[in-house]
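The residues making up each chain are set out below.
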Amino acid sequence: MTDAATNLHPGLNLGPSHGEAHEEAEVVTFGFWVFLMSDLVTFGLFFATFATMWGSTAGGPGPDEIVNLGSIAGQTTLLLASTLTFGFASIAMKYHDAPGRIAMWLGVTALLGAGFVALEVKDFIHMAEIGAVPQRSGYLSAFWSLVGLHGLHVSMGIVFVGVMVLQIYLLGMTSRVKSRLLRLALYWHFLDIVWVGIMSGVFLAGAL
Amino acid sequence: MMDSPIFGRLTFDDIAPLAVFRNFSLNELVASGAGWLEVFAAVGVVAALTYFRLWGPLWREWLTSQDHKKIGIMYMVLGFVMMARGVAEGVIMRGHLATALDGGILAPEHFAELFSTHGTIMIFFVAMPFITGFMNFLIPLQIGSRDMAFPLMNQISLGMTAAGAMLLLVSLVVGQFETGGWAAYPPFTGAAFQPGVGPDYWIWAIVVSGFGSMLSGINFAVTIYKMRAPGMTYMRMPVFCWTALCTAILLAFAMPPLTVAALMQALDRYLDFHFFTNDLGGNMMNYANLFWMFGHPEVYILILPAYGIYSELTATYSAKTLYGYTSLVLATMCIAVMSFTVWVHHFFTMGNSATVNVAFGIATMLIAIPTGVKMYVWLATLYRGRIRMTVPMIYLGGFMVLFVLGGLSGIILANPTINYQVHNTQFIVAHFHNVILPGVVFATLAGIHMWFPKAFGYRLEEGPARLSAILWIVGFSATFLPLYVVGLLGYPRRSASYTDPVFEPYMIFTALGSLLILAAFATFAWVFWVSWRNRAALAVPLGDPWDGRTLEWATPAPVPEYNFAVIPVIGTREPFAVEKASGRPYVRPDEYEDIRLPAPSGVGFVLCVCAGVFGFAMTWWIWWLAAISLVAIPTVLVVRSFFPDRMVTIPADEVRRDTEAWLRAIDAASGVDRGEELTSANRGFARTDLKEAA
Ligand code: HEM
Ligand SMILES: [Cu+2]
C-alpha cells in the first residue's frame with residue numbers, strides 16, 4: 001500500500017484501512033487540526049501580550065519573585081510524562097485494541113495531569129499570598145491569564161479523559177470512540193508543546 | 001451598590017421603554033419609541049406565528065434542520081432583521097446630524113449609543129451573517145457535496161451568531177449599550193469610565209458570535225478541503241469557492257484575536273485586571289493591536305466572498321467564461337495573506353515610529369494591486385460578452401464605479417502623512433461605507449437576486465428589484481459621497497454636533513440621501529412580497545433560469561435536501577456549462593442509491609438559548625444563571641456524544657422518482673432564450689447560448 005493510502009490524515013491512523021470509518025476520521029481529524037491551529041493563535045496572542053507587558057510591573061512583584069523553578073521542573077516532568085503515557089494509550093489502541101489497557105494508560109495520564117494542575121494551583125496560591133495577584137499589575141494580569149489559560153485547557157483535558165474512559169466502557173471500542181481518542185491525544189500533546197513555550201518564555205526567561 | 005442575589009444589578013428602572021414616562025423629551029421619545037417598536041415587532045411575530053400555526057413547521061423544518069441550505073437561508077434572514085434596525089439607526093443618526101448645528105434633537109450620549117450599536121450590528125450581525133449565509137448555501141452545491149463537513153457544528157455556529165444578535169436586540173429594551181463605537185476601545189469602555197452594562201453587552205455579543213464565526217471558518221475550510229466531488233481539483237473549483245476558502249482560513253485565524261481582546265477586556269472589567277487600564281501597567285495599545293489584528297482581516301472576510309459573487313455573476317450574465325481564472329485565484333490568495341500585514345493603518349496616529357508607519361502604509365497600498373487585478377478580470381470578462389442588464393448587473397455596474405472610488409480613498413488613507421490629516425473625520429465614514437455598501441451589501445443583494453430562485457424555486461420580480469437597485473446606488477451616493485468633502489473640511493467622526501454652519505447644507509443633503517437608502521431597503525422588502533404573491537408565474541422548477549455555469553444550476557429549484565441524486569464526477573472547470581455547450585447536459589444517472597442525511601436536531605437551538613442566557617446573565621451580574629447556562633453548554637455536548645448520530649434515509653426509489661420526473665419535465669420543455677429570461681416563459685430551462693466554456 002502506498003503512503004498516501006495508509007496515512008490519510010496527519011496524525012496516528014487507526015489501522016491499515018477500514019473504509020467509511022477511515023474517511024470519516026479523516027475529515028474530523030483534519031478539522032480538529034484546524035481547530036488546534038486556531039487555538040494556537042489564541043495562545044500566541046496571550047504570549048505576545050505577556051511579552052509586551054514584561055516590564056509593566058508597576059512596582060509590584062516581578063519575574064524574580066514569582067518564579068519557583070523547582071515547582072516548574074516538577075510540573076514539566078509531570079506533563080511530559082503524561083504525554084508519554086498518552087502515547088502508550090494510543091499504541092495500546094492501535095496494536096492491541098484492549099480496552100482495559102487503554103483505560104489504564106488514560107487513567108495514569110489523567111493522574112499525571114492532575115498532579116500538574118495541583119502544583120500549578122499551589123504556585124498560584126503562593127503568589128496570592130505574597131501579593132502577586134493579577135490585580136496588582138499589567139505584568140501579573142498577563143502572567144496569570146497566560147498560565148491560567150493553559151491550566152484551564154489541561155483541566156478540560158482531564159475531564160475529557162474521564163468522559164472517554166466512560167465511553168470506552170459504555171460504548172466499546174467503536175470507530176467513533178477511537179477517532180475521539182485520537183483527537184484527544186492531539187489535544188493533549190498540543191498542550192504539552194504550548195507548555196514548553198510557557199516554560200521557556202515565561203519561567204526560564206523570568207529566572208534569568 | 002447592592003445587587004440582588006436573584007436579579008444581579010437588574011432593576012425595574014432598567015426597562016428602557018418606560019423611561020419616556022419618567023422624563024419626557026424628544027430624545028427619550030426616540031429612545032423609548034425604538035424600544036417599544038422592537039417589543040411590538042417581537043409580539044407581532046409571535047402572534048403571527050401562533051395565528052398561522054407556524055410554530056410546528058418552524059421548529060421541525062428550520063430551527064432543528066442541519067441542512068446547509070436552510071442554515072444559509074436562516075443566516076440571511078437574521079441579516080435582514082438586523083439590517084432593518086441598522087438602517088433605521090443610520091437614518092436616525094443622519095436625521096440628528098441634519099439638525100445638529102449647535103445641538104440637535106438627540107442627546108450626545110444617545111447619539112454615541114446609536115453609532116455604537118449601528119456599527120456593531122452592521123459589521124457583526126448584518127455583513128457577517130450575509131456572507132456566512134452565502135457560503136453555507138453555495139459551497140456544498142458548488143463543490144458537489146451533500147452537506148457541510150460538520151452539519152451539527154454548522155447549526156451551532158448559527159445559534160451562536162443568533163445569540164449575539166439577540167443580546168444586541170435586548171440591549172435596546174433592557175439597560176443601554178456602550179458608547180465607545182463598534183471597536184469599543186478601552187480605557188473608555190473600561191470599568192472606570194463606563195461602569196454600566198453597555199460594554200458588557202458588547203463583550204458577550206462579540207465573544208459568543210465570534211466563537212460561532214470561528215467554528216464556521218473551520219467548517220467551511222474542511223468542507224472545501226475534504227468534501228469536493230471526485231475530479232474537482234482545486235483549479236476546477238468555482239471562483240466563489242476559492243474566495244470562500246480564503247475567507248474560511250481568515251475566519252479561523254482572525255476571530256481568535258477578537259475573542260481574546262474581548263475576553264481580556266472582560267477580565268479588566270469584571271476582575272479588575274490591568275490589561276488595558278490607564279493605571280498599574282495597563283496598556284491600551286495592546287488592545288488596538290489585538291482588535292485590528294482581527295479588524296483588518298475582517299474587512300477581507302467580508303469582501304472576498306463578495307468578490308466571489310461578482311465573479312460568478314459577471315461570467316453568467318455576460319455568457320462568457322471568466323477571463324483570467326488563475327489570476328483571480330492568485331489575487332484572492334494574495335489578498336488573504338496580505339490582509340494580515342496591514343492592521344496598524346488603523347492607528348497610524350497613535351504614536352508609532354515613522355518606520356513602522358511607513359512599513360504598514362506600503363503594505364496597505366500593495367493590496368490595491370491584486371484588487372486591481374480583479375477589477376480588470378471582470379472588465380475583460382464583460383468585454384464582448386452577451387450582457388443582459390438584469391438586476392445583478394445593475395448592482396455590478398454600481399459596484400464597479402463606486403468601489404474603485406472607495407478603493408482609491410483607501411489608498412489615500414494608507415499614506416500616513418495624509419492619514420494624520422483626515423483620520424477620525426467624516427472622510428473615514430465616507431471611505432468605509434464606500435467600500436462596504438457597494439462592495440458587500442450590493443454583492444449580497446445581487447447574489448440574492450441570482451440565487452433566490454435556486455433556494456425557493458421562483459424568481460424575484462424584476463421591475464421593483466431594478467427600482468430598488470437604482471435607489472441603493474443613488475441613495476448610497478447621495479448619503480456618503482458628500483462626506484468626503486465634509487471630512488476634508490474637518491468635521492470629526494462620531495461627533496454629535498458642530499458649530500461651523502458650513503457643514504449644515506451637507507448634513508441636510510446626506511440626511512435626505514439616507515431617506516433614499518431607507519426607500520431602497522423598503523423596496524427590497526416589497527420585492528420579496530410581490531414575488532411571493534406572484535410565485536406561480538415566476539416559478540423556475542427546472543432549476544437553471546440564468547443559463548448558469550457551475551454545478552448548482554444542474555439541480556432542480558428548489559434544490560432537494562440531498563442536493564444531488566448522484567454525486568457528480570467532475571472533469572472540467574465549469575462542468576455544467578461545458579455539458580451545455582457540447583449539447584449533452586442533464587446526464588441521466590445509471591443507478592440510484594439510498595441517501596443518508598443527518599436527522600433534525602435541537603442541539604444548535606439549545607446551545608443558542610444557553611449562550612444567549614449566559615451573555616445576558618453575565619451582563620447583569622446574575623451569577624447563578626450565568627453559571628448554570630455556562631455549565632449547560634459542555635454538558636449538552638458531552639451527553640450527546642454518548643448517543644449515535646441519528647440519520648434519516650431517503651430511499652433510492654424516492655430519489656429516482658423525483659429525479660426522473662424532473663428530467664422528464666426538462667425533456668418536455670423547450671428552452672427559453674436569453675431575450676425572454678425575464679418573462680414567465682422562463683421555467684428554468686435555458687436554451688443555452690454558451691459556445692465557449694473553460
Ligand atoms: C444603510 C444606510 C446607512 C446609514 C444611513 C449609515 C449611517 C451611519 C452614520 C451616520 C454613522 C456614524 C458616523 C459618525 O459617527 O460620525 C455610521 C457609522 C458606521 N456605520 Fe453606517 N450607515 C449605513 C449603513 C452601514 C452599513 C451597511 C455598514 C456595514 C455593513 C455600516 C457600518 C458602519 C460602521 C462600522 C460605523 C462606525 C461606527 C463607529 O463609529 O463605531 N453602516 N453609519
Ligand atoms: Cu484595515
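Here the structure is a predicted model, which is why all the values come from computation and not from measurement.

Colleague: So what's going on with the overall build of chain B? Which residues, and what values?
Modeller: From N to C terminus, chain B includes 22 helices and 2 strands. Taken over the C-alpha trace, chain B has a radius of gyration of 25 Å; the compact-globule value for 694 residues is 26 Å, and the two agree within 12%. Taking the principal axes of its C-alpha atoms as reference, chain B extends roughly 75 × 55 × 45 Å. In chain B, which comprises 694 residues, the share counted as buried stands at 59%. Long-range contacts, defined here as pairs at least 24 residues apart, represent 82% of the contacts in chain B between residues at least 6 apart. Carbon together with sulfur atoms contributes 70% to the accessible area of chain B, which is approximately 26300 Å² in total.

Colleague: Quick one: what's the story with the coordination of the iron atom of ligand 1, residue by residue and with numbers?
Modeller: All names here are of chain B. At the metal site, the iron atom of ligand 1 is ligated by His-118 (NE2) and His-433 (NE2), and these contacts range over 2.0 Å. With 6 donor atoms in place around the iron atom of ligand 1 and angles of 85 to 179° between them, the coordination shape is octahedral. With His-118 in helix 5 (residues 108-143) and His-433 in helix 15 (residues 426-456), this pair connects stretches of sequence that are 315 residues apart. An identical accessibility class is assigned to His-118 and His-433; each is buried.

Colleague: Talk me through the nonpolar core; I want residue IDs and the actual numbers.
Modeller: Soluble globular proteins tend to bury their nonpolar side chains together. In this structure, Phe-143 of chain A together with Trp-472 of chain B are the most contacted members of the largest nonpolar core, which totals 251 residues. A total of 20 residues in this core trace back to one element, the largest contributor, which is helix 5 of chain B. With sequence-adjacent residues up to four places away left out, Trp-472 of chain B is seen in contact with Met-83, Tyr-395, Leu-437, Val-441, Phe-442, Leu-445, Ile-517, Ala-520, Phe-521 and Phe-524 of chain B. Among the nonpolar cores identified, the runner-up in size contains 12 residues, and Ile-156, Ala-162, Ala-163 and Val-603 of chain B belong to it.

Colleague: Describe the packing of aromatic side chains, listing the residues and the values that go with them.
Modeller: Residues and elements named next belong to chain B. For the structure on display, the rule yields 67 aromatic pairs over all chains. Ring centres 6.4 Å apart and planes at 80° place the aromatic pair Tyr-201 and Trp-620 in the edge-to-face group. Of this pair, Tyr-201 sits in helix 7 (residues 198-226) while Trp-620 is found in the loop between helix 20 (603-619) and helix 21 (623-640), placing the two residues 419 residues apart along the sequence. Exposure remark for Tyr-201: the relative accessible area of 0% places this residue in the buried category. Judged by relative accessible area, Trp-620 falls into the buried class, the value being 1%. Consider the rings of Trp-343 and Phe-360, whose centres lie 5.2 Å apart with planes at 70°: the pair is edge-to-face. You can see Trp-343 sitting in the loop between helix 10 (325-338) and helix 11 (354-366) and its partner Phe-360 sitting in helix 11, a full 17 residues away along the chain. In this structure, Trp-343 and Phe-360 share a single accessibility class: buried. By the ring-pair criterion, three or more aromatic residues cluster together here, those being Phe-124, Phe-125, Trp-182, Tyr-185, Phe-273, Phe-275, Phe-276, Tyr-287, Phe-291, Trp-292 and Phe-294.

Colleague: Please provide a residue-by-residue account of the site of ligand 1, values included.
Modeller: Residue and element names in this part refer to chain B. By nearness alone, 23 residues border ligand 1, and His-118, Trp-182, Gln-426, His-433 and Arg-494 come closest of all. When contributions to the shell around ligand 1 are tallied by element, the ones reaching two or more residues are helix 4 (68-98), helix 5, helix 15 and helix 17 (504-533). When residues of the shell around ligand 1 are assigned to their parent elements, the largest contribution, 7 residues, is made by helix 15. Tallied by class, the residues present in the shell around ligand 1 amount to 13 nonpolar, 7 polar and 3 charged.

Colleague: Mind laying out the coordination of the copper ion (ligand 2), listing which residues take part and the relevant values?
Modeller: Residues and elements named next belong to chain B. Binding of the copper ion (ligand 2) to the protein goes through His-296 (ND1), His-345 (NE2) and His-346 (NE2), at separations of 1.6 to 1.9 Å. In primary sequence terms, the donor set of the copper ion (ligand 2) follows H-x48-H-H. One end of the pair, His-296, is in helix 9 (residues 284-317); the other, His-346, is in the loop between helix 10 and helix 11, and 50 residues separate them in sequence.

Colleague: Tell me about the UniProt feature "domain: Heme-copper oxidase subunit III family profile" (unreviewed entry) in chain A, and name the residues and values.
Modeller: Mapped onto this numbering, the UniProt entry gives "domain: Heme-copper oxidase subunit III family profile" (unreviewed entry) at residues 28-207 of chain A. As a span, residues 28-207 of chain A carries 86% helix and 0% strand, and end to end its C-alpha atoms are 41 Å apart.

Colleague: Residues and numbers for the pairing of strand 1 (residues 595-598) of chain B, please.
Modeller: Residues and elements named next belong to chain B. Across the two faces of strand 1 the burial differs, with Ile-595 and Leu-597 buried and Arg-596 and Pro-598 not buried at all. Of the pairings in the sheet, the one linking strand 1 to strand 2 (residues 647-650) comprises 4 bridges and is antiparallel in character. Residue pairing for strand 2: Pro-598 is matched across the bridge by Met-647.

Colleague: Please provide a residue-by-residue account of the UniProt feature "transmembrane region" (unreviewed entry) in chain A, values included.
Modeller: Residue and element names in this part refer to chain A. Mapped onto this structure's residue numbering, the UniProt feature "transmembrane region" (unreviewed entry) falls at residues 30-54, 66-90, 102-119, 139-172 and 184-207. Taken end to end, residues 30-54 has its terminal C-alpha atoms 36 Å apart, with 92% of it in helix and 0% in strand. As a span, residues 66-90 carries 92% helix and 0% strand, and end to end its C-alpha atoms are 37 Å apart.

Colleague: Please provide a residue-by-residue account of the side chain of Glu-552 of chain B, values included.
Modeller: All names here are of chain B. You can see Glu-552 is positioned in the loop between helix 18 (535-538) and helix 19 (575-581). Although Glu-552 lies buried, it forms no salt bridge, and the closest oppositely charged side chain, Lys-454, sits 7.5 Å away as judged by the N-O distance. Apart from the residues lying within four places of it in its own chain, the contact partners of Glu-552 are Leu-138, Leu-141, Gln-142, Trp-451 and Lys-454.

Colleague: Would you mind going over the pattern of salt bridges in detail, with residue names and values included?
Modeller: Residue and element names in this part refer to chain B. Here the structure, examined in full by the defined rule, presents 18 salt bridges over all chains. As a salt-bridge pair, Arg-9 and Asp-200 come within 2.6 Å of each other at their nearest N and O atoms. In this pair, Arg-9 is assigned in the segment before helix 1 (19-22) and Asp-200 in helix 7, connecting sequence segments 191 residues apart. Each member of the pair, Arg-9 together with Asp-200, is buried. Salt-bridge contacts for Arg-674 lead to Asp-547; the nearest nitrogen and oxygen are separated by 3.9 Å. With a gap of 127 residues between them, Arg-674 in the segment after helix 22 (652-668) and Asp-547 in the loop between helix 18 and helix 19 connect regions that are remote in the sequence. Put simply, Arg-388, Asp-544, Asp-547, Lys-580, Arg-674 and Glu-677 are held in one network by salt bridges that share partners.

Colleague: Tell me about unusual backbone geometry, and name the residues and values.
Modeller: All names here are of chain B. In this chain, Pro-186 is followed by Pro-187 through a cis amide linkage whose omega measures 0°. Its location among the elements puts Pro-187 in the loop between helix 6 (151-173) and helix 7. That bond from Ala-557 to Pro-558 is cis: its omega, -10°, falls within 30 degrees of zero. By the secondary structure assignment, Pro-558 is in the loop between helix 18 and helix 19. Phi is positive for Leu-280, close to 50°, though the residue is something other than glycine. Mapped onto the elements of the fold, Leu-280 is located in the loop between helix 8 (239-271) and helix 9. Leu-280 sits in the partly exposed class, given a relative accessible area of 32%. The phi dihedral of Asp-547 falls on the positive side, at around 60°, and the residue is not glycine.

Colleague: I'd love a proper account of the interface of chain B and chain A, names of residues and values included.
Modeller: By a frequent convention, interface size equals the accessible area lost on bringing the separate parts together. Contact with chain B, which involves 33 residues of that partner, is made by 34 residues of chain A. Across the chain B to chain A interface the summed buried area is about 2800 Å²; carbon plus sulfur atoms make up 73%. The tally of links between chain B and chain A comes to 2 salt bridges. Ionic pairing is found between Lys-226 of chain B and Glu-26 of chain A, a salt bridge with its closest N-O pair at 2.9 Å. Put simply, chain B and chain A have 11 residue pairs in polar contact (both at pLDDT 80 or more) between them. Residue assignment for the side of chain B that touches chain A shows that the elements contributing at least two residues are helix 7, helix 8 and helix 9 of chain B. For the side of chain B that touches chain A, the element with the highest residue contribution is helix 8 of chain B, accounting for 8 residues. Within the side of chain B that touches chain A, the residues separate by chemical class into 24 nonpolar, 6 polar and 3 charged.

Colleague: How would you summarise a nonpolar patch on the surface if you had to cite specific residues and measurements?
Modeller: Residue and element names in this part refer to chain A. A cluster of nonpolar side chains, Leu-84, Phe-88, Ile-91 and Tyr-95, forms an exposed patch at the surface whose accessible area comes to about 420 Å². Assignment of secondary structure puts Ile-91 in helix 4 (residues 69-96). Since its relative accessible area comes to 41%, Ile-91 is described here as partly exposed.

Colleague: Go over the packing of helix 9 of chain B against helix 10 of chain B with me, naming the residues and quoting the values.
Modeller: Residues and elements named next belong to chain B. Helix 10 packs onto helix 9 with a crossing angle of 170° between their chain directions and a minimal axis gap of 11 Å. One element, helix 9, and the other, helix 10, form an angle in the roughly antiparallel class. Of the residues in helix 10, those in contact with Tyr-300, Leu-304, Tyr-307 and Ser-311 of helix 9 are Leu-328, Thr-332, Ile-335 and Ala-336.

Basis of the calculations
Residues numbered from 1 in each chain as written. Chains lettered and ligands numbered in written order. Predicted model: local features only at pLDDT ≥ 70, side-chain atom pairs only at ≥ 80, totals over all residues. Heavy atoms only, no water. Helix = DSSP H or I, 4+ residues; strand = E, 2+ residues; numbered from the N terminus. Rg over C-alpha atoms; globule rule 2.2 N^0.38 Å. Buried < 20%, exposed > 50% of the residue type's maximum accessible area, 1.4 Å probe, protein only. Contact = heavy atoms within 4.5 Å. Areas by Shrake-Rupley, 256 points an atom, 1.4 Å probe, with all protein chains shown as cover. Donors = N, O, S within 2.8 Å, 3.2 Å for Na, K, Ca; no water. Tetrahedral: all angles 85-135°; square planar, octahedral: opposite > 155°, others 65-115°. Core = buried A, V, L, I, M, F, W, Y, C linked by side-chain atoms within 4.5 Å. Phe/Tyr/Trp six-rings, centres within 6.5 Å; stacked < 30°, edge-to-face > 60°. Near = heavy atom within 4 Å. Nonpolar A, V, L, I, M, F, W, Y, C, P; charged D, E, K, R; others polar. UniProt positions renumbered as here; feature names shortened; annotations may be inferred. Pairing = 2+ DSSP bridges. Lys, Arg positive; Asp, Glu negative; His and termini not counted. Salt bridge = Lys/Arg side-chain N within 4 Å of Asp/Glu carboxyl O. Buried area = accessible area lost by both parts, 1.4 Å probe. Polar contact = N/O pair within 3.5 Å; in protein donor to acceptor, adjacent residues only side chain to side chain. Patch = residues over 30% accessible without salt bridge, like charges linked within 9 Å, V, L, I, M, F, W, Y side chains within 5 Å. Axes fitted to C-alpha atoms, helices over the stretch in contact; angles between N-to-C directions. Parallel < 35°, antiparallel > 145°, perpendicular 65-115°, else oblique.

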